[in-house]
Amino acid sequence: LRRLCRFRLELVQQQTRIKTQLTGCLDIVFPELAGFFNGNLHLKTSYALLSKYPSAKSISSARIDGLTNLLYKSSRGRYDADKALKLKNLAKDSIGINNPAIDLQIQCLIKQLRLYQSQIKDIDLSIMTLMKILNSPILTIPGIGYILGAMIISEIGDIKRFSNPSKLLAFAGLDPIVKQSGNFQASSTKISKRGSKYLRYAIY
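Residues numbered from 1 in each chain as written. Predicted model: local features only at pLDDT ≥ 70, side-chain atom pairs only at ≥ 80, totals over all residues. Heavy atoms only, no water.

Here the structure, examined in full by the defined rule, presents four aromatic pairs. Relative to Tyr 79, the ring of Phe 36 has its centre 5.6 Å away and its plane inclined at 40°; by these criteria the two rings are tilted. Of this pair, Phe 36 sits in helix 2 (residues 33–36) while Tyr 79 sits in the loop between helix 5 (64–74) and helix 6 (81–92), and the two are 43 residues apart along the sequence. Its relative accessible area of 11% is what places Tyr 79 among the buried residues. (Phe/Tyr/Trp six-rings, centres within 6.5 Å; stacked < 30°, edge-to-face > 60°. Helix = DSSP H or I, 4+ residues; strand = E, 2+ residues; numbered from the N terminus. Buried < 20%, exposed > 50% of the residue type's maximum accessible area, 1.4 Å probe, protein only.)

Relative to the assigned elements, Thr 23 resides in helix 1 (residues 2–29). Residues Thr 23 and Asp 124 lie 101 residues apart in sequence; the distance between their C-alpha atoms is 26 Å. Non-local contacts of Thr 23, meaning those with residues more than four positions away in its chain, are made with Leu 41 and His 42. A distance of 3.4 Å separates the side chain of Thr 23 from the side chain of His 42, its partner in a polar contact. (Contact = heavy atoms within 4.5 Å. Polar contact = N/O pair within 3.5 Å; in protein donor to acceptor, adjacent residues only side chain to side chain.)

Relative to each other, helix 5 and helix 6 sit at 120°, their axes nearing to 9 Å. Classified by the angle their axes make, helix 5 and helix 6 are oblique. Remark: the crossing between helix 5 and helix 6 carries right-handed chirality. Every residue of helix 6 that contacts helix 5 at Ile 64, Leu 67, Thr 68 and Leu 71 is listed here: Ala 81, Ala 84, Leu 85, Leu 87 and Lys 88. Partitioning the contact of helix 5 with helix 6 into residue classes produces seven nonpolar, one polar and one charged. (Axes fitted to C-alpha atoms, helices over the stretch in contact; angles between N-to-C directions. Parallel < 35°, antiparallel > 145°, perpendicular 65-115°, else oblique. Left-handed = near helix turned anticlockwise from the far one by under 90°. Nonpolar A, V, L, I, M, F, W, Y, C, P; charged D, E, K, R; others polar.)

In the structure shown here, the tally under the stated rule is three salt bridges. Residues Arg 6 and Glu 155 are paired through a salt bridge, measuring 2.9 Å at the closest nitrogen-oxygen approach. Taken together, the residues Arg 6 in helix 1 and Glu 155 in helix 8 (residues 146–156) connect sequence positions 149 residues apart. Here Asp 124 ties to Arg 8 by a salt bridge, and the two come within 2.5 Å at their closest N and O atoms. (Salt bridge = Lys/Arg side-chain N within 4 Å of Asp/Glu carboxyl O.)

Let us look at helix 7 (residues 100–134). With 35 residues, helix 7 should cover 51 Å at 1.5 Å per step; its first-to-last C-alpha distance of 51 Å lies within 8% of that length. Among all positions of helix 7, only Ile 102, Asp 103, Ile 106, Leu 109, Ile 110, Leu 113, Tyr 116, Ile 120, Ile 123, Asp 124, Ile 127 and Met 131 are buried. Among the structural elements, helix 1, helix 3 (44–52) and helix 8 are those in contact with the buried residues of helix 7. Of the residues flanking the start of helix 7, the one acting as N-cap is Asn 99, its side-chain oxygen 3.0 Å from the backbone nitrogen of Ala 101. Just downstream of helix 7, Asn 135 is the residue with a positive phi angle, here 50°. (Expected span 1.5 Å × (residues − 1).)

With that settled, the discussion passes to the confidence of the model for the chain. In this model, the chain carries an average pLDDT of 91, and 92% of its residues clear a pLDDT of 70 or more. Model confidence for the chain, summarised as mean pLDDT per element, is weakest for strand 2 (residues 184–185) at 53 and strongest for helix 7 at 97. (pLDDT = per-residue confidence, 0-100.)

The next thing to look at is the side chain of Arg 8. Assignment of secondary structure puts Arg 8 in helix 1. For Arg 8, a relative accessible area of 19% translates into the label buried. There is a polar contact of 2.5 Å between the side chain of Arg 8 and the side chain of Asp 124. Those residues in contact with Arg 8, other than ones at most four positions away along the chain, are Ile 120, Ile 123, Asp 124, Ile 127 and Ile 147.

Here you go:
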């Protein structure tokens, strides 16, 4: 369970880096697209759009019926013909730069993101299966689901190995660093950040 949770976190972090790269590319070729998707470019609909039309120029040149069908199907009806026309006009007036190399990069990045999504989904299913077998009471805590619960209990292991709560706190690196010299004692302290960074991440 610990290995699966740590590997999942690595994939999520890599996915985040790819998302940042994709956003940077779109800032160059079609900066207005983020506003069209209400600030969230990382949607199934936007990925479907960019896989076929990776720039403002390609969207503005697309047939309106083809663009409408793509948006409608990928969004399950949320984006209709009016939205497609709005997007096409937005693309025509875009200040984005036409660059075929960036267009190709965008398409490759989306393929990577879809692969990460598929892999993370597979890992989530394995984690849920193990958590159901363990039947841990951690799942009864409001706000803690299978993935978060798995990260916490897999890092802690047998909780009985901690003789008191302070030792568990220190293992998570959440214990304070005490700065004291002579009669001086700091009024504020930072956490030590020792121990398991994965447990600390999960608790945050």
